[in-house]
Each structure stands twice: as C-alpha cells, then as structure tokens.
Amino acid sequence: MATTSDLAPGRKPAAARAARASSKAREAQLEDQVAQLQTDIKAIAATLARLSNDKVNEVKSVAKSEAHNLQRQAEHVVEDVQDQASALEKQLKDTIREKPLTAVASAVGIGFILALLSRH
C-alpha cells in the first residue's frame, strides 16, 4: 500500500514541517538568550570596572593619608633629635666652661689614641 509521502516524494509530511518550525523557533529563542547573556556580561564587566576604579581611588586616598601621617611623624622625630642634639651640645659647652683643663686633656688623649690607631 502506498502512503502519501510515497505518492508525492517532493512534499514533506506535516510532522516534519512542524518539527522544523519548532526547531527554528528554538534556535531563535536560543539566539535571543545568547544576545541577552552578552548584554548581561557587558553590564557585569562595566560594573566590575567601576568597582575596581572605586577601590583603586580608595587605596590611593588611604596611601596618601598614611604617607602624610608618616611625614608628620618623621618631622617630629627630626625635631626631637635636633632638640636632643642641642641639649647635648649645651651640656658639653657647659662642661667645657666648668672644667677647661679636663676638656683639653680629654681632647689630647682622644687625639693621641686616634693617631695610634691610624698608624696601624
């Protein structure tokens, strides 16, 4: 017995056409989903770029603040060392004024020791 598809080989049965239409609809839907995913990925990339820029700016700000604090601390340390050096210089001058012979004898002794050390 002959079927319809046997009688008209150039024509496709209705089920095959329906399957092809369904397949094309799924392909179109998949393409739409891929396009939406690409849009979402671009949005995520832009958000990540903004977040990283914000973090970089935050780190720069913290680094500048810390550098400024360290600079101020260093200035205070330099001032303290200068004050201590001035106090030591004043104390040395006062000692020399009070005991000039001892100071001269000490200087001569130190010079003699340095001369001996430099010969060897």
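Computed from a predicted model, the values in this text were never measured in an experiment.

Reading the values: rules and limits
Residues numbered from 1 in each chain as written. Predicted model: local features only at pLDDT ≥ 70, side-chain atom pairs only at ≥ 80, totals over all residues. Heavy atoms only, no water. Helix = DSSP H or I, 4+ residues; strand = E, 2+ residues; numbered from the N terminus. Buried < 20%, exposed > 50% of the residue type's maximum accessible area, 1.4 Å probe, protein only. Areas by Shrake-Rupley, 256 points an atom, 1.4 Å probe, with all protein chains shown as cover. Salt bridge = Lys/Arg side-chain N within 4 Å of Asp/Glu carboxyl O. Patch = residues over 30% accessible without salt bridge, like charges linked within 9 Å, V, L, I, M, F, W, Y side chains within 5 Å. Lys, Arg positive; Asp, Glu negative; His and termini not counted. Charge placed at Lys NZ, Arg CZ, Asp CG, Glu CD. pLDDT = per-residue confidence, 0-100.

Draft legend 1. Layout of the overall build of the chain. Within the chain, the secondary structure is distributed over three helices and zero strands. Start at the N end of the chain and walk to the C end: the helices and strands fall as α-α-α. A buried classification covers 0% of the 120 residues belonging to the chain. Surface exposure of the chain reaches about 11,100 Å², of which carbon and sulfur atoms provide 62%.

Draft legend 2. Quick look at the pattern of salt bridges. Tallied over the full model, the rule gives four salt bridges. Salt-bridge contacts for Lys93 lead to Glu89; the nearest nitrogen and oxygen are separated by 3.4 Å. Taken as a pair, Lys93 and Glu89 lie in helix α2 (residues 14-98) at a separation of four residues, close to a single helical turn. For Lys93, a relative accessible area of 43% puts it in the partly exposed group. What you see here is one network of salt bridges that share partners, running through Lys90, Asp94 and Arg97.

Draft legend 3. Spotlight on a negative patch on the surface. A cluster of acidic residues, Glu75, Glu79, Asp80 and Asp83, forms a negative patch on the protein surface. Note that Asp80 resides in helix α2.

Draft legend 4. Geometry of a nonpolar patch on the surface. A cluster of nonpolar side chains, Ile110, Phe112, Ile113, Leu114, Leu116 and Leu117, forms an exposed patch at the surface whose accessible area comes to about 630 Å². With respect to the secondary-structure elements, Phe112 resides in helix α3 (residues 100-119). The class for Phe112 is exposed, based on a relative accessible area of 53%.

Draft legend 5. View of the confidence of the model for the chain. For the chain, per-residue confidence averages 88 on the pLDDT scale, and residues scoring 70 or more make up 89% of the total. Mean pLDDT across the elements of the chain ranges from a minimum in helix α1 (residues 4-7), with 52, to a maximum in α2, with 93.

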